[in-house]
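Remarks on the overall topology
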Amino acid sequence: MKEIVVISGKGGTGKTSMVASFARLAGRVVCADCDVDAANLHIVTKPVIREKIEFIGGKVAVIDQASCTGCGRCHEVCRFSAVLEDGSVYDIDSMACEGCGVCAEFCPEKVITMEPETNGEWYVSDTDNGPLIHARLLPGSENSGKLVTEVRRAARRVAEEEGINTIIVDGSPGIGCPVIASVTGSDAVLAVTEPSLSAMHDVKRVIDLARHFEIKTLICVNKSDINEDITGQIREMAEKSGIPFAGTVRFDEDFTKAQICGKSISEFSDGTAASDVSGVWEFVRRELGLED
Amino acid sequence: MRIAFASGKGGAGKTTLAVNLAAVAAVRGIKTTYSDCDVEEPDGHIFLHPENLERTDVTVPVPVVDDDLCDGCGKCGEICNFNAIKVLAGRVVSFPELCHSCGGCTLVCPLGAISEIERKTGHIATGVSVVKSGKDAPGRLYYEVDECGGEKNTKETVGLERPGLAKLRFTMGTLDVGEPRSVPIIQDLLTMPDESNLFIIDSPPGTSCQMVESVRGADYVVLVAEATPFGLNDFKLAGEVVKMFGISCGVVLNRVMESEASATESSSRPAQDGIKEFCRENGFEVLAEIPAIRKIAEISSTGGLVAFEIPVMEQAIDAILDRLAEIIAG
Ligand code: SF4
Ligand code: SF4
Ligand code: SF4
Ligand code: SF4
């Protein structure tokens, strides 16, 4: 089984549309949308939900007000300013609580309990190209890294059960906990970038991240003709660092139009961007050693 | 006045708007700070070219165990909710990158065997950006953009007369590669002493802890929404977070695309309508609508400030700034 994670440093590079196209080009695959903060893959893959699972990410402290003596010990020990003090009344700001449990441990009256906190839900669904595992993190929630791990674990399980040998992961943005959870242990990372100085800066950081975790990295440039100069610089940077360059996708209004129609670019058109995307997928497939 | 620029996802145009607004505000003579809180991928410096950056490390406390004092009782491992410290075969092993620095293990150790050391996870930097605008901006051309989004190069400088140089305070945070936790860096950034009248926060994208951390102390949030189905979806999620905090909010609709030929099939109208409806229902104000113009992407790709080059952008930024001034004045 091979698992490829598509990441981009920052959102908006066309990563999700590409993942949806790859899924279509690959035939039957398992897709996992690990951009749990702002999942979008379901918009273009039209999943039919098969299973829905609640995600309990962490815990949150709750004070039993009736038995609290107002000693303030909890306020003293909480390092996250999550225990609010109002005269001699103490209460937990659940948005700020990290769920560390220190207040509960040190409350002399033992009136603080750690309650499981629902941070979202995740789904196993069916699409035209195979199963999709996707999730919804409740707005403002923590523990996105944990949810990503759950989604990827489920994707592996489903792939095994259904004898599918390719998993395509729509990774999280950034370089922090959710993306670390998206890439660790995968077979390869495809970094999708754009020819702008800022995107180039972002992609360098995700490449460093992949290198830090020793994962094979490929790179491709979307909207490559917006700035041919920078596209050239990115290609050069890739070659110098020994990163296989998976190709370019030219700017094409069809990209946005496809999205507006709720379709992947491969499904929507057979124009320049669509054929460029299949070129990139061919490259990725060969690099990963995927058989037909 | 603290204004946070946020969006449900990166790529909506949040940084473009935040840096341009900061630059225009500075040119208008407003004492401005731009603070890049997108610490996983900070990009503001590419547009604002800060000078004389002074760096300060950001550290978090993590436990170290004195093996001579420790008797392997296991209490530290029991309290740790993050698997960051464990007792294996009578010895304490810690995993500093998992530690949330809650201090529980240090407090709970009966033998006083645990102390804390500071571990670096990133840095913050402060400096000054000099904004060159108007006729004095070297090598800058203005572009006229016609109604259909096409453009023609005018060579002539158009737009408002502006003074040539302005300064603004620039701050940014950077997370070290391989470190998972952005929040402590954002906290350091947002608690620095600051004397500006306008403090612009460029938030991390998304809706989770680091975005929450950067908008919670803001007086006003500007949500940037891309007028596409993805954009609508992301915008609503970010809108929910802003609602939870009860902060006043304005919305900028970005990359509005009209296609006459197939108004139903591929115009961005339905997404736009969806965004506006959400705004109506929740009392968010629509501050500006910015058309999808390839030139904006091209200029931004090289780190240029579009407010000084593209009249529609200039007008949009001016309008937003005027509206923010009204809101500040109450
Ligand atoms: S669980 Fe931890 S973060 Fe939450 S209130 Fe208690 S001490 Fe503070
Ligand atoms: S430590 Fe316990 S008893 Fe004391 S104020 Fe907190 S909740 Fe109340
Ligand atoms: S609590 Fe203290 S004594 Fe007990 S195992 Fe941990 S470090 Fe050792
Ligand atoms: S400080 Fe808290 S999170 Fe870190 S190791 Fe100790 S108990 Fe665990």
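The paragraphs below set out a description of the structure included in this document.

1. Re the overall build of chain B
Along the backbone of chain B there are 11 helices and 13 strands. A separation threshold of at least 6 residues defines the contact pool for chain B, and within that pool the share at least 24 residues apart is 78%. Per element, the accessible surface of chain B, about 13400 Å² overall, is 49% carbon and sulfur.

2. A few points about the nonpolar core
Core analysis: the largest hydrophobic core is formed by 80 residues, its most contacted members being Trp122, Ile133 and Ile219 of chain A together with Leu223, Phe235, Val251 and Phe284 of chain B. Looking at which element gives the most residues to this core, the answer is helix 5 (residues 144-161) of chain A, with 7 residues. Dropping the residues within four chain positions of it, Val251 of chain B is found in contact with Leu223, Ala225, Phe235, Ile275, Cys279, Phe284, Glu285, Val286, Leu287 and Ala288 of chain B.

3. Side note on unusual backbone geometry
Positive phi, close to 45 degrees, is recorded for Lys46 of chain A, a residue that is not glycine. Checked against the element boundaries, Lys46 of chain A lands in the loop between helix 2 (41-45) and strand 3 (48-63).

4. Looking at helix 9 (residues 269-282) of chain B
Residues and elements named next belong to chain B. With 14 residues, helix 9 extends 20 Å from end C-alpha to end C-alpha; this agrees with the ideal 20 Å at 1.5 Å per step. Ala271, Gln272, Gly274, Ile275, Phe278 and Cys279 are the residues of helix 9 that are buried. End-on, the buried residues of helix 9 take up no more than an arc of 160 degrees, which puts them together on one face. For helix 9, exposure combined with an orientation more than 90 degrees from the buried face picks out Pro270, Arg280 and Glu281. Buried residues in helix 9 make contact with strand 11 (220-226), helix 7 (229-245), strand 12 (248-256) and strand 13 (285-291). Looking at the residues trailing helix 9, positive phi occurs at Gly283, about 70 degrees.

5. Thoughts on the packing of helix 1 (residues 14-27) of chain B against helix 11 (residues 311-329) of chain B
Residues and elements named next belong to chain B. Contact geometry for helix 1 and helix 11: axes closest at 10 Å, N-to-C directions at 70 degrees. As summarised for this structure, helix 1 and helix 11 are arranged roughly perpendicular, according to the angle between their axes. Contact residues: helix 1 offers Leu17, Asn20, Leu21, Val24 and Ala25, while helix 11 offers Met313, Ile317, Asp318, Ile320, Leu321 and Leu324. Class assignment for the residues of the contact of helix 1 with helix 11 results in 9 nonpolar, 1 polar and 1 charged.

6. Description of the site of ligand 1
Not every one of the 13 residues close to ligand 1 is listed here, only the nearest: Cys78, Cys97, Cys100, Gly101 and Cys103 of chain A. Class assignment for the residues of the shell around ligand 1 results in 10 nonpolar, 2 polar and 1 charged.

7. A short note on the packing of helix 7 of chain B against helix 9 of chain B
Residues and elements named next belong to chain B. Helix 9 packs onto helix 7 with a crossing angle of 15 degrees between their chain directions and a minimal axis gap of 9 Å. The angle between the axes of helix 7 and helix 9 places the two elements in the roughly parallel class. Taken as a pair, helix 7 and helix 9 cross one another with a handedness that is right-handed. Residue-level contacts link Pro229, Leu232, Phe235, Lys236, Gly239, Glu240 and Lys243 of helix 7 to Ala271, Gly274, Ile275, Phe278, Cys279 and Asn282 of helix 9. Within the contact of helix 7 with helix 9, the residues separate by chemical class into 7 nonpolar, 3 polar and 3 charged.

8. Here's the deal with the site of ligand 2
Around ligand 2 sit 14 residues in total, of which Cys68, Cys71, Gly72, Cys74 and Cys107 of chain A are the nearest. The residue makeup of the shell around ligand 2, split by class, is 9 nonpolar, 3 polar and 2 charged.

9. As for the side chain of Asp252 of chain A
All names here are of chain A. Positionally, Asp252 belongs in the loop between strand 11 (245-249) and helix 9 (254-260). Reaching out from Asp252, the side chain makes a polar contact with the side chain of Thr272 at a distance of 3.2 Å. Here the side chain of Asp252 touches Ala273 through a polar contact of 3.2 Å, landing on its backbone nitrogen. Setting aside residues up to four positions removed in sequence, Asp252 forms contacts with Gly271, Thr272 and Ala273.

10. With respect to the sheet that holds strand 11 of chain A
Residues and elements named next belong to chain A. In spatial order, the strands read 3-6-7-2-8-1-9-10-11; together these 9 strands make up an open sheet with mixed pairing. Here the strands that pair on one side only, and so sit at the sheet edges, are strand 3 and strand 11. Mean inter-strand twist for the sheet, computed between neighbouring axes without regard to direction, equals 20 degrees. The pairing of strand 1 (residues 2-7) with strand 8 (residues 166-170) spans 5 bridges and is parallel. The residue of strand 8 that forms the bridge with Glu3 is Ile167. Strands in contact with helix 1 (residues 15-26) are strand 1, strand 2 (30-33), strand 8, strand 9 (188-193), strand 10 (216-222) and strand 11; relative to strand 8, the strand with the most contacts, it is inclined by about 165 degrees.

11. Observations concerning empty space enclosed by the protein
One water molecule sets the probe size; rolling that probe over the atoms shows where empty space is left. Counting across every chain of the model gives 7 cavities of 30 Å³ or more. Forming the walls of the largest cavity are 23 residues, and the residues nearest its centre are Pro173 and Gly174 of chain A together with Glu40, Pro205 and Gln210 of chain B. For the lining of the largest cavity, the class distribution of residues is 7 nonpolar, 9 polar and 7 charged. Pro63, Cys80, Cys99, Cys102 and Cys105 of chain B are the residues nearest the centre of the second largest cavity, which is lined by 13 residues in total. The residue makeup of the lining of the second largest cavity, split by class, is 9 nonpolar, 3 polar and 1 charged.

12. So, the environment of Ile168 of chain A
Residues and elements named next belong to chain A. Mapped onto the elements, Ile168 comes out in strand 8. Sequence spacing of Ile168 and Lys110 is 58 residues, and the spatial spacing of their C-alpha atoms is 47 Å. For Ile168, the contacting residues outside a window of four places in its chain are Ile4, Val6, Val19, Phe22, Ala23, Val29, Val30, Cys31, Ala32 and Trp281.

13. What about the pattern of salt bridges?
Taken as a whole, this structure holds 31 salt bridges over all chains when the rule is applied. Glu162 of chain A is paired through a salt bridge with Arg28 of chain A; the nearest N and O atoms lie 3.2 Å apart. Linking Glu162 of chain A in the loop between helix 5 and strand 8 with Arg28 of chain A in the loop between helix 1 and strand 2, this pair joins segments that are 134 residues apart in sequence. Given the relative accessible area of 28%, Glu162 of chain A is considered partly exposed. Salt-bridge contacts for Glu298 of chain B lead to Arg294 of chain B; the nearest nitrogen and oxygen are separated by 2.9 Å. On the criterion of helical spacing, the pair formed by Glu298 of chain B and Arg294 of chain B is a turn pair, its members being 4 residues apart in helix 10 (residues 294-301). Residue Glu298 of chain B is classed as buried on the basis of its relative accessible area of 19%. Here the salt bridges share partners, and the residues they tie into one network are Arg28, Arg50, Asp126 and Glu162 of chain A.

Analysis parameters
Residues numbered from 1 in each chain as written. Chains lettered and ligands numbered in written order. Predicted model: local features only at pLDDT ≥ 70, side-chain atom pairs only at ≥ 80, totals over all residues. Heavy atoms only, no water. Helix = DSSP H or I, 4+ residues; strand = E, 2+ residues; numbered from the N terminus. Contact = heavy atoms within 4.5 Å. Areas by Shrake-Rupley, 256 points an atom, 1.4 Å probe, with all protein chains shown as cover. Core = buried A, V, L, I, M, F, W, Y, C linked by side-chain atoms within 4.5 Å. Buried < 20%, exposed > 50% of the residue type's maximum accessible area, 1.4 Å probe, protein only. Expected span 1.5 Å × (residues − 1). Arc of directions from axis to C-beta. Axes fitted to C-alpha atoms, helices over the stretch in contact; angles between N-to-C directions. Parallel < 35°, antiparallel > 145°, perpendicular 65-115°, else oblique. Nonpolar A, V, L, I, M, F, W, Y, C, P; charged D, E, K, R; others polar. Near = heavy atom within 4 Å. Left-handed = near helix turned anticlockwise from the far one by under 90°. Polar contact = N/O pair within 3.5 Å; in protein donor to acceptor, adjacent residues only side chain to side chain. Pairing = 2+ DSSP bridges. 1 Å grid on protein atoms, 1.4 Å probe; cavity = no way out; pocket = protein on both sides within 12 Å on 5 of 7 lines; lining within 4 Å. Points joined across faces, edges and corners; volume = space filled by probe spheres on them. Salt bridge = Lys/Arg side-chain N within 4 Å of Asp/Glu carboxyl O.

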